[in-house]
Amino acid sequence: MNVEVITIDNQDYMIIKELKKENINYIYLSNMNDEKDILIKKITDDNPNYLLSLDSSEEFQKALLLFLNDQFPSD
Amino acid sequence: MSIEREILTHDDYNRIQDKCTRKNTVGNNRKGMMVDKKKVKNALLASCMLGAIASGVTITAGNSLVTTFKENSALTAECLEFHSDVISPNAHRTTDNKGYYYDYLRIAQEINKDGNISEEELYYTYYSLGEENTNNVIKYLHAAYENVEDFLAQHNYKNIKDWRKAEVKKLSLKESIEKQQEKLNAMQNDLQIQTATMQNTTLGGK
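Residues numbered from 1 in each chain as written. Chains lettered and ligands numbered in written order. Predicted model: local features only at pLDDT ≥ 70, side-chain atom pairs only at ≥ 80, totals over all residues. Heavy atoms only, no water.

Topic: the packing of aromatic side chains
Residue and element names in this part refer to chain B.
Then, in step 1: Per the counting criterion, the structure on display carries seven aromatic pairs over all chains.
Then, in step 2: Note on phenylalanine 82 and tyrosine 124: the rings are 5.6 Å apart at their centroids and 55° apart in plane angle, and the pair reads as tilted. Here tyrosine 124 lies in helix 5 (residues 119-139) and phenylalanine 82 lies in helix 3 (residues 63-87), a separation of 42 residues in the sequence. Residues phenylalanine 82 and tyrosine 124 agree in their burial class; the two are buried.
Then, in step 3: On the numbers, 4.9 Å between centres and 75° between planes, the contact of tyrosine 145 with phenylalanine 151 is edge-to-face. Across the pair, exposure class does not vary: tyrosine 145 and phenylalanine 151 are buried alike.
Then, in step 4: Feature note: the residues Tyr123, Tyr126, Tyr127, Tyr145, Phe151, Tyr157 and Trp163 constitute an aromatic cluster, connected by ring pairs. (Phe/Tyr/Trp six-rings, centres within 6.5 Å; stacked < 30°, edge-to-face > 60°. Helix = DSSP H or I, 4+ residues; strand = E, 2+ residues; numbered from the N terminus. Buried < 20%, exposed > 50% of the residue type's maximum accessible area, 1.4 Å probe, protein only.)

What to know about the nonpolar core
Then, in step 1: Counting 28 residues, the largest nonpolar core has B:Leu75, B:Ile107, B:Ile111, B:Leu122, B:Phe151 and B:Trp163 as the members making the most contacts within it.
Then, in step 2: Within the residue set of this core, elements represented by two or more residues are helix 3, helix 4 (104-111), helix 5, helix 6 (148-154) and helix 7 (160-205) of chain B.
Then, in step 3: Considering each element in turn, this core owes the most residues, seven residues, to helix 5 of chain B.
Then, in step 4: If we ignore the near neighbours within four places in the chain, the residues touching B:Leu122 are B:Ile111, B:Thr134, B:Ile138, B:Leu141, B:Tyr145, B:Phe151 and B:Trp163.
Then, in step 5: Core analysis: the next-biggest nonpolar cluster, separate from the first, contains 27 residues, A:Tyr28, A:Leu29, A:Leu51 and B:Cys20 among them. (Core = buried A, V, L, I, M, F, W, Y, C linked by side-chain atoms within 4.5 Å. Contact = heavy atoms within 4.5 Å.)

Comments concerning the environment of B:Glu131
Residues and elements named next belong to chain B.
Then, in step 1: Inspection of the secondary structure assignment puts glutamate 131 in helix 5.
Then, in step 2: Relative accessible area serves as the criterion here: at 35%, glutamate 131 is assigned to the partly exposed category.
Then, in step 3: Residues glutamate 131 and valine 148 lie 17 residues apart in sequence; the distance between their C-alpha atoms is 6.7 Å.

Some remarks on the pairing of strand 3 (residues 24-31) of chain A
Residue and element names in this part refer to chain A.
Then, in step 1: Extensive coverage of strand 3 is indicated by the burial of eight of its eight residues.
Then, in step 2: Judged by which residues are buried, strand 3 turns out to be covered on both faces: Ile24, Tyr26, Tyr28 and Ser30 on one side and Asn25, Ile27, Leu29 and Asn31 on the other are all buried.
Then, in step 3: As defined by bridge partners, strand 2 (residues 11-21) adjoins strand 3 across eight bridges and the pair is classed as antiparallel. Looking at the pairing, methionine 14 lines up with serine 30 of strand 3.
Then, in step 4: Between the end of strand 2 and the start of strand 3, which pair antiparallel, lie two residues, with glutamate 22 showing a positive phi angle near 55°. (Pairing = 2+ DSSP bridges.)

Description of a positive patch on the surface
Residue and element names in this part refer to chain B.
Then, in step 1: Residues Lys158, Lys161, Lys165 and Lys169 make up a contiguous surface patch of positive charge.
Then, in step 2: By secondary structure assignment, the location of lysine 158 is in the loop between helix 6 and helix 7.
Then, in step 3: Accessibility expressed as a relative area gives 75% for lysine 158, which makes it exposed. (Patch = residues over 30% accessible without salt bridge, like charges linked within 9 Å, V, L, I, M, F, W, Y side chains within 5 Å. Areas by Shrake-Rupley, 256 points an atom, 1.4 Å probe, with all protein chains shown as cover. Salt bridge = Lys/Arg side-chain N within 4 Å of Asp/Glu carboxyl O. Lys, Arg positive; Asp, Glu negative; His and termini not counted. Charge placed at Lys NZ, Arg CZ, Asp CG, Glu CD.)

What about the packing of helix 4 of chain B against helix 5 of chain B?
Residue and element names in this part refer to chain B.
Then, in step 1: Relative orientation of the contacting elements helix 4 and helix 5 amounts to 140°, with a least axis distance of 12 Å. By the criterion of interaxial angle, the relationship of helix 4 to helix 5 is oblique. You can see that helix 4 and helix 5 cross each other, and the crossing is left-handed. Every residue of helix 5 that contacts helix 4 at Tyr104, Ile107, Ala108, Glu110 and Ile111 is listed here: Glu121, Leu122, Thr125, Leu129, Asn133, Asn136 and Val137. (Axes fitted to C-alpha atoms, helices over the stretch in contact; angles between N-to-C directions. Parallel < 35°, antiparallel > 145°, perpendicular 65-115°, else oblique. Left-handed = near helix turned anticlockwise from the far one by under 90°.)

Focus on the pattern of salt bridges
Then, in step 1: By the definition in use, this model includes nine salt bridges over all chains.
Then, in step 2: As a salt-bridge pair, A:Asp9 and B:Arg22 come within 3.3 Å of each other at their nearest N and O atoms. One end of the pair, A:Asp9, is in the loop between strand 1 (2-8) and strand 2; the other, B:Arg22, is in the loop between helix 1 (10-21) and strand 1 (33-34), on a second chain.
Then, in step 3: The partly exposed category is assigned to A:Asp9, whose relative accessible area is 23%.
Then, in step 4: In this structure, A:Asp45 and A:Lys20 form a salt bridge, with 2.7 Å as the shortest nitrogen-oxygen distance. Pair noted here: A:Asp45 is in the loop between strand 4 (34-44) and strand 5 (50-51) and A:Lys20 is in strand 2, with a separation of 25 residues, a long-range link.
Then, in step 5: For A:Asp45, a relative accessible area of 42% corresponds to the partly exposed category.
Then, in step 6: By sharing partners, the salt bridges in this structure join A:Lys42, A:Asp55 and A:Glu59 into a single network.

Points about unusual backbone geometry
Peptide bonds are trans in most cases, and residues, glycine excluded, mostly fall at negative phi.
Then, in step 1: Within the chain, A:Asn10 stands out as a residue other than glycine whose phi angle is a positive 60°.
Then, in step 2: Given the relative accessible area of 68%, A:Asn10 is considered exposed.
Then, in step 3: Here B:His142, not a glycine, exhibits a phi torsion of approximately 50°, which is positive.
Then, in step 4: The topology assignment puts B:His142 in the loop between helix 5 and helix 6.

Considerations on helix 4 of chain B
Then, in step 1: Considered for burial, the residues of helix 4 of chain B that qualify are B:Tyr104, B:Ile107, B:Ala108 and B:Ile111. Down the axis of helix 4 of chain B, the sector holding all buried residues measures 100°, keeping them to one side. (Arc of directions from axis to C-beta.)

Shown next, in the form of C-alpha cells:
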C-alpha cells in the first residue's frame, strides 16, 4: 500500500485522511516517527498548490469535528 | 481499532492546536507552504497510524472533551450561519475598497426582532465583528448595558471566554430540549394513531 508523505519542519508526515468542506480540503497528518505528533493543515481551492495553517482555534475545532464525524458518525 | 487507551492528553491537544494554527513553518511563505507529496510504501504503518489518530483524538482525556469539541463546534456553526444570514448582507465595502463598514442599525434590529434582545445573537455579532463594532451595534439596541464590557460585568462574566462558555451551555441545553420535544411529539403521534386504530376497531366490531 502506498501512503502519501509530506515533509514539514524536516519531519515526514503521512497523510491519514483528506476531507473536503466547502472550498477547503483539510489534510490530517501523522508524524511517521511520533504517533502523538498529529497535524491538521488545509488546501483551499484558490491556492491548490499551497499547504496552509489553520486560521484559529475555532477552525481547528471545526476541522477536528469534521474528522470525528467522519470516523465516528453519530446517530 | 482500539479506542480503549488514552493517547493524547489536554496538553497534547493544546500543543497540536498551536502547531496547526502556527504560521512559521519551515518553507512557509506568505501564501503558505508548497505542497510536495511523496509516495511511500508502508502498509502496516498506515493502518497503525490511522488507529492511533482516531483513538487518540476520540479518547482524549475521556468523552467529555469530545462533547466539548462538539458543543463548541455547534456554537461556531451558529456563529457562521449568523454571519452569512445577518452580518454579510449588512456589510458594505468602503469607498477605498480596503475595508468594510456595517449597517449597525439593521444588525441591531435583527438581534432585537422579537422585542427581546437575543444575547446569543449578540455573541454571534461579537464573534463576527469584534468588540468595537459590537459596541456600535449595542448603541442601537437601547439595552441596559452600554457596551460589551458593561454587558460582561452585568452578567458576571469574567471575560469573553466566560461568555462563550455560557452560550455553549445555552445552545447545548436548547438542542437537548428540542430533541426531547421531538421525542414527545413522536410519542403523541403514536398515541393518536393507536387511539384512532382502537376506535376504528371498536366501531367496526359493532
